[in-house]
Amino acid sequence: ESSSYPASAGNDGNTGTRWSSRHSSTLGDEWWWVNTGGSTYDRVIIRWEAAYATQHFVGWSSDCSNFSGYWYSISAPGNYGYQIGSHNAQCVGVLMRTRASQMNNYSFYEFEVYNAAWPGAMGPDGQPEKLPPAEGNSSQEKIQGYTPEP
């Protein structure tokens, strides 16, 4: 969007800042990831802004090139918890595939990575749960060995 919304703002610990992709009416896939330095983690929270990705992939990688993970679908912006299983990998990130209606970009306030259980991470059906204050529906599909396009 502009230099006011850099990639570093997506994981700076400040929900008052945000990351945004470029604006384009023909915007395709956008990829954002963070190098964890080889940490062990099992959960992610994405705090989506109004320009959320209705379809997106949350994945992990030991080499920051070949990712495994899950596809998700959501129907509203807000804070979503994703239980991805325990992984010791170099990178974790999100590939955004489909933009929210009326939006020409993708944006989130924070992409948080955790290595310990925290309440409210998953719904009773094992699907990612939208965390308060908003409500929403979601679904997932596991895939292995997905390599995002640059």
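The structure displayed is predicted, hence computed values, not measured ones.

What counts as what
- Residues numbered from 1 in each chain as written.
- Predicted model: local features only at pLDDT ≥ 70, side-chain atom pairs only at ≥ 80, totals over all residues.
- Heavy atoms only, no water.
- Buried < 20%, exposed > 50% of the residue type's maximum accessible area, 1.4 Å probe, protein only.
- Helix = DSSP H or I, 4+ residues; strand = E, 2+ residues; numbered from the N terminus.
- Pairing = 2+ DSSP bridges.
- Salt bridge = Lys/Arg side-chain N within 4 Å of Asp/Glu carboxyl O.

Caption draft 1: A look at the pairing of strand 4 (residues 53-61). Counting buried positions along strand 4 gives eight out of nine residues, so the element sits mostly inside the fold. One ladder, built from eight bridges, connects strand 4 with strand 7 (residues 91-99); its direction is antiparallel. Paired with Gln 55 across the two strands is Thr 98, which belongs to strand 7. Relative to strand 5 (residues 67-74), strand 4 is paired through six bridges, and the arrangement is antiparallel. Following the sheet pairing, Gly 59 is matched in strand 5 by Gly 69. Hairpin connection of strand 4 to strand 5: five residues between the antiparallel strands, including Cys 64 at a positive phi of 65°.

Caption draft 2: Representation of the pattern of salt bridges in the model. Under the defined criterion, the tally for this structure stands at five salt bridges. A salt bridge links Arg 43 to Asp 42, with the nearest nitrogen and oxygen atoms 2.8 Å apart. The exposure class assigned to Asp 42 is buried, which follows from its relative accessible area of 15%.

Caption draft 3: Focus on unusual backbone geometry. Positive phi is not limited to glycine here, since Cys 64 has a value of about 65°. As for its position among the elements, Cys 64 is in the loop between strand 4 and strand 5. A relative accessible area of 18% means that Cys 64 is categorised as buried. The backbone of Gln 102 sits at a positive phi, close to 70°, despite the residue not being glycine.

Caption draft 4: Layout of the environment of Arg 22. Tracing the backbone shows Arg 22 in the loop between strand 1 (19-20) and strand 2 (30-35). Linking Arg 22 and Ser 107, residues 85 residues apart in sequence, is a C-alpha distance of 9.4 Å.

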